[in-house]
Amino acid sequence: MESIKGTDDLPGEGPFGVFAFGSNLDLNDFTRWCRESLDADPVIRPLCRARLRDHALVWNYYSPVRQGGAANIDHRPHSAVCGMVFEVDKWTLLALDKKEGHPARYRRERVVIESMDDETSFEVWTYRVTPDYRESKLIPPTRAYLDIILKGIESHGLPDQWRAEVLDSLPE
């Protein structure tokens, strides 16, 4: 298992809650990345389906790895982004940091989510594209990237309405 250098903003060894809304919804994709890039399996388990209120899914980031648009979140009153909260250990959180390009491309930050299972709210980590990497125009994702997100939505039983909203959010 590769040692991953981290940041000083982590209290203790975990576990940590992480809200996933894009390709990280697909645990097979993330596990594959960890095995190929870090020669180890992540320690991750689903906690609950969740909603991030007053945010929208946007496609304002070009991913050189994915060769197309990648999911991002942006503040938008009266909107919500659906996803999953996963519980991870410190190594897995640092692996997510590396995969997401934290702190340069995506920045890990704290958000308050609402559980779709019991409507409780709590604070977790998520990733948002940094201003330096946000594009002024929307960038369509590749079909392969979109399929990873749709597979994650289906595998975690996120609402069909959310799947439709993701498809409606795509740039033309």
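The structure we're discussing is the one just above.
Below or above, wherever it landed, is the structure these notes cover. (Residues numbered from 1 in each chain as written. Predicted model: local features only at pLDDT ≥ 70, side-chain atom pairs only at ≥ 80, totals over all residues. Heavy atoms only, no water.)

**Brief notes about the pairing of strand β2 (residues 44-63)**
One ladder, built from 16 bridges, connects β2 with strand β3 (residues 68-88); its direction is antiparallel. Looking at the pairing, tyrosine 62 lines up with glycine 69 of β3. Hairpin connection from β2 to β3: four residues lie between these consecutive antiparallel strands, with glutamine 67 at a positive phi of about 60°. In this structure, β2 lies alongside strand β4 (residues 106-115), joined through two bridges in antiparallel fashion. Within β4, the position partnered with alanine 50 by the bridge is serine 115. (Pairing = 2+ DSSP bridges. Helix = DSSP H or I, 4+ residues; strand = E, 2+ residues; numbered from the N terminus.)

**Quick notes on helix α2 (residues 90-100)**
Burial within α2 is extensive, with nine of its eleven residues counted as buried. Within α2, burial applies to Trp91, Thr92, Leu93, Leu94, Ala95, Leu96, Asp97, Lys99 and Glu100. As for α2, its buried residues are in contact with β1 (16-20), α1 (27-38), β2, β3, β4 and β5 (121-129). Among the residues trailing α2, glycine 101 stands out with phi positive, at a value near 75°. (Buried < 20%, exposed > 50% of the residue type's maximum accessible area, 1.4 Å probe, protein only. Contact = heavy atoms within 4.5 Å.)

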